[in-house]
Each structure stands twice: as structure tokens, then as C-alpha cells.
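Given next are the chains, with one letter for each unit.
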Amino acid sequence: MSDNAKQQNEQAPINLSEFRSIHFNIDLQNLTSGVQVLGNTDVTFQEIRKDNTVVFTLPPGCCNSGHHILFKVVRGDTPKTEPVFQMELTAKVITLDPMRSGLSQVKVEVLQVQQAEWNEFLKLMNNRQDLINRLLERMRG
Amino acid sequence: MSVNNASKENQEAVKEYLKTRKVLIVDPSTTTHSGLYDIFQDLGAPPNNIILANTFSQGESLVVSEKPSVVVAEFNIGTHSGLELLQKQREQRPKENKETIFVIVTSNTSQSAVAQAVEENIDAYVIKPYTLDSVQLILSNAIARKVRPPEYDLVIEEGKKLLEEGKFKEADEKFTKATQLNSSPSLAYYYLGYLKYIQDFLKESKDQYTAGLQYNNIHYKCLIGLYELFMAEKEHEKAYEVARKITENFPTTSKRLSEVLRLAILSGKFQDIEEYYQIFTQIDEKDETLIHHVCAALIVCGKHFLTTKKDVNKALDLFRKATKTGKSRSSFIKEIILSLLEHDLLKESVSFLSQFLPEDQKSADFLVCQLLIKSKNGLSSQATIQEGQALLNQGIVSHDLYLLMIKNLVESSQMDAAKNLATTASNHFPKEKTHYEMQLKKQ
């Protein structure tokens, strides 16, 4: 980063009121077995991979390899003044690994998702990462 | 930008750095292990130098036994914070801080978690879900920054080393040289300020921090330096102004918010308390100390509006917020009721009495408040003394109860009993002795 750009970054305003915890409520429906998991906070996003796969942490016993799953994702911390981010994705379970905590690490292949919703999701996470990077840079001085 | 666009030189430097160093990944998730393992291999780490740990205790022992140069940890590992490993890593490699890397990879995006991490000066904070490309880029940049620092950073590091060795004159020369190596040398001025501060040259220290802030008026370290300096000088108002600026521009930890609330009260900035209350409501993880400080600040602020501004509605609003924040803790409600009674706000006092939790309605605070209200509402002196004595017989020891009893004993001309009670009260609350004596004099 050039000195000028660095200086601009150092002093550019960071709106801390936007700095809320990003929290997603993820419900899932196993389309193969019919099992539903609603309002369970153990369902979390872990990783997005280039090969069209996503890794989730899920409660045990809700799916098996080869099962098809519908995930309904809603941002839980959205302020009342803003539209609520939501997204649906259908995916197929590729691998399932038990974790020490009793939860399962599940890698799924994304079969269907609205591109606009997916892009918005990525933008949300990128913006937060960017904000954190800027804060780190700023505090490092 | 993908890692392919990062400069070839950086890539080579990162590869060279990782070739001989150990990397420790501490995360309960096997997916995170495998993803990060692949990334570090891609960046040039030999597979046998990448160590994986599932739990905090495993990670902690590996930091000690393997002395890794790079630690990547989840923020929440069981009941521990991954940041605890940073301290461990620094203890193990005290002389090599500028060469070690510490990265948090976590789903925790709360302001307080990020604030804690950035205050510890970690090298990167990666949020989950991440893409492998983005992590690779962040890690590679963090390592490159350490292994190929610009001359400005190098000179500052040399100065810091001299500072640690107590070679103040030589350190001063380095930091002064650094001020010429960057167009915004706030960090160099910060270290010059700190150097003066630890030698007790407070005026010179202030000048250096101020010089740093001329290049960047929200330079974090200069602001912190200035804040500590004003606190040391007991210049609470000036310290408060700096603390306010820090709170406005950087994520807040519970500790800092507690400090700024205390300073706002000390410097009489009651009107600002509500702003901090708003910040408080946005903090995800609120510890008990902070809750206590916020409630106390709201109550003090409410009292200010009652006494100075005569703004009852504003005061009531602040008292309600304190009650809600303190989850109807009895000591806070008692404090509120005492203030309201002092201003003859009887109806409002009754309303706050109903805020006591059902399980607290036999507590000393509740019973004393109830009697204070009854007394204010016209209960005779004799009846007040009788009911008060019953509470004392129950073993309740309360300054407010003693004060009420002494007042009523004096009013009903039972001076001997009043004096005896004042002596007992003074034994329990020696600091309040003058209050009891004043009540006796009201005869």
C-alpha cells in the first residue's frame, strides 16, 4: 500500500454502529429422510470452497452421505430498519465427520442457490472481513 | 486480488520463512485443520512442520513443547479464548515477537471479540465461513509484512529492541530517524512519547504523542499513550476527551467502556452517559463488572437530572434503563428509590418498589425500602420505630434503616434510644458517623 493510500485508510471513517455480530439462523430440511432441524444454533457455516462445496457444522443424526438437504438461511441480527437477508440452498452431502464436541462436520455440494442471494452473502462476509482488516491496520498504526 | 497477484518477491519470502518454521493450528474443526493445512503447504510449509490440535489444552502444551513460529487459533476453544495462546507464544519466544505470527480464525464476529484481538496486536483475524483463497491471501500478507517489513518498520523495531534493553538514548535516535522515513510517522512519534513517558518527562511525552496525532488524528497508540499520561497526571477531563475519541473510533472492550463511564462521571459529563449506554447495548458479550458500571452510571446520571436539571422524566427514563440492565438487582432499585424519596417522588418510588424480583421481596433492601416509603407516606413516628425495630430484630443491618430510626426517635423525643442507636450504627458504618450525629442534632 502506498503511503498516501495508507494515510487515507488510517483516517477513513469506520462506522462502528454497523459493527454488529453477524449471526445466521439456519434451518435445514433433509429432503431424503424428511428430518427437520429448526432453530438449532449448532448449525453453522464453516467454510466455502472453490469446488462448489460448503462446510457446515450440524447436530448429529440429521443426515448421511448422499442425502439431499435444503438449508434456509436468515440473518438473525438485522436491524429493524433494514431488509432481512435470507437465502435458500439445496445441497447434497458429500462427507460427514464426527467432531469431539459431538457435532458433525458436513461437507455438501451446492446443487441450487439463487446467484444474487449467494453473491449478497459473500459480499456481507467480505465486507465484515474488510472492516476487521482495516481496524487491525489502523490499530497497528 | 488472488494470491497469484501478490508479488513474486512476497511469495518467495513467505516460502523462505515457512521452510524452517513450525505452524500450529488449534481448532476443534477437522475441516478447518485440513483447509488450513493445505494452505500452509501451498505457501511453502513442509508437511511435518504443520501441527494440529483439537483442544485448548493440546494447543497450550504444543506451544510450549514445539515453540511454533506461527499459531492459528479459533477464538472460542471450549471454555477458553484462543487469545490465551498468544500470551503463551510470546512467553515462549520473548525475543522473537517480530518474527512470530498469531492469527485468529473464527465464527465470532462480535465487536468485543474483535476489539480484544486487535488490542492484542494480532497479525490477522479471519472470519468463518471463509474461502480458502481469502485465507491464503490474508496469511500470506501477514507473513510478508513480518518478513519483508519496510525500512520504517525495521527502524522502529530496532528502536523497540534498544528500549527493552534500557538504551534510551540510542532508542531515541532510532525513533527520531524513523520519523523521517514515512509520510505519516505517527507510530514513531508514539514510541518517542512512550520513551519520554517511562523516563517521567511527561511534558515531552505529551508533545510527542500530540505530534503523532497531527499526522493521524485518530492514531490508536498515540491516543492510548495520551490517555494514560492524562490519567497519571489525574487530568480526568482531558483523559475523558481522549477516551471518548477512542470509543468513537474503535471497537470497545468491556474494560474500556467501564473506564470511559467512570471518567464521564468524574468529569461531570452526565449528558454523555446515554451515548455510552447505546454502545453498551450493542456489545454482544457483557461481563458483570461492565453491567455494574453501566447501571451505576445510569443511576448517577438520573440523580444528576433530578437534582440539577429538575428533569423528572429524564431521570425516570435513566432509572428504568438501569433497572432493566441490572435485571432488577435489589441494590440498584434501592439506590433509585432513595433518590426518588429524597425528591418527594412517592408514587414513582412505589412503582420502582414493584420492580423487585419476587425472590427479593424478603430481602433487607426491599424491606427497608418498603418502610422508607411507608414512612414518607405518613406512617407515624411511633409506628415507623416499631416496624424498624422489628427489622433490626430480624438482624437487618442497613445504614438507611438506622438513619430513618434515629430521625424518628429524635422526632418522638426518645433521645437516649436515638443516641444508643447512633452508637450502634456508627460501629457498623464508621464512615457514616457524621450523618448519624447530624440527625441527633436535628433535635
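It should be emphasised that the depicted structure is a prediction, and the values quoted were computed from it without experimental measurement.

K.L.:
Hey, could you go over the overall build of chain A for me, with residue numbers and the actual values?
P.N.:
If you tally the helices and strands in chain A, you get 2 helices and 7 strands. In sequence order, chain A lays out its α and β elements as α-β-β-β-β-β-β-β-α. Pairs at least 24 residues apart make up 57% of the contacts formed inside chain A by residues separated by at least 6 positions.

K.L.:
Tell me about the overall build of chain B, residues and numbers included.
P.N.:
Along its length, chain B carries 23 helices and 8 strands. Its C-alpha atoms give chain B a radius of gyration of 30 Å, more than 25% over the compact-globule value 22 Å for 443 residues. Over its C-alpha atoms, taken along the principal directions, chain B stretches across nearly 90 × 50 × 40 Å. When burial is assessed residue by residue, chain B has 44% of its 443 residues classed as buried. Of all intrachain contacts in chain B linking residues separated by at least 6 positions in sequence, the fraction that spans at least 24 positions is 57%.

K.L.:
Report on the interface of chain B and chain A, specifying residues and quantitative values.
P.N.:
With 39 residues of chain B in contact, the opposing surface of chain A contributes 36 residues. Secondary-structure elements contributing two or more residues to the side of chain B that touches chain A are α2 (30–43), α5 (111–119), β7 (124–127), β8 (130–131), α6 (132–147), α9 (186–198) and α11 (220–232) of chain B. Its residues assigned to classes, the side of chain B that touches chain A comprises 14 nonpolar, 21 polar and 4 charged. By the bridge criterion, 2 bridges tie strand β3 (residues 44–48) of chain A to β8 of chain B in an arrangement that is parallel. By the bridge assignment for β8 of chain B, E47 of chain A is matched with Y130 of chain B.

K.L.:
Just give me the short version of the environment of K196 of chain B, but keep the residues and values in it.
P.N.:
Residues and elements named next belong to chain B. By secondary structure assignment, the location of K196 is in helix α9. According to the C-beta neighbour criterion, K196 is buried, with 22 such atoms within 10 Å. Along the backbone, K196 and S375 are 179 residues apart, and their C-alpha atoms lie at a distance of 60 Å. When neighbours within four sequence positions are excluded, K196 is seen to be in contact with F201, E204, S205 and Q208.

K.L.:
So what about helix α4 (residues 83–92) of chain B? Which residues, and what values?
P.N.:
All names here are of chain B. All of the buried residues in α4 are L85, L86 and Q89. The buried residues of α4 all sit within an arc of 110° when viewed along its axis, so they share a single face. Relative to its buried face, α4 has exposed residues pointing more than 90 degrees away, namely Q87 and E91. In the core, the buried residues of α4 are packed alongside β1 (23–26), α3 (56–66), β3 (70–73) and β6 (101–106).

K.L.:
With reference to specific residues and values, describe the sheet that holds β3 of chain B.
P.N.:
Residues and elements named next belong to chain B. Taken together, 5 strands build an open sheet; the order of strands is β2-β1-β3-β6-β7 and the sheet is parallel. Taken across any chain shown, the strands that pair with only one partner, and hence form the sheet edges, are β2 (50–53) and β7. Sheet twist, expressed as the mean angle between neighbouring strand axes with direction ignored, is 15°. One ladder, built from 4 bridges, connects β3 with β6; its direction is parallel. Note on β6: the bridge partner recorded for V70 is I101.

Conventions adopted
- Residues numbered from 1 in each chain as written.
- Chains lettered and ligands numbered in written order.
- Predicted model: local features only at pLDDT ≥ 70, side-chain atom pairs only at ≥ 80, totals over all residues.
- Helix = DSSP H or I, 4+ residues; strand = E, 2+ residues; numbered from the N terminus.
- Contact = placed C-beta atoms within 7 Å.
- Rg over C-alpha atoms; globule rule 2.2 N^0.38 Å.
- Buried ≥ 20, exposed ≤ 12 C-beta atoms within 10 Å, placed from the backbone.
- Nonpolar A, V, L, I, M, F, W, Y, C, P; charged D, E, K, R; others polar.
- Pairing = 2+ DSSP bridges.
- Arc of directions from axis to C-beta.
- Axes fitted to C-alpha atoms, helices over the stretch in contact; angles between N-to-C directions.

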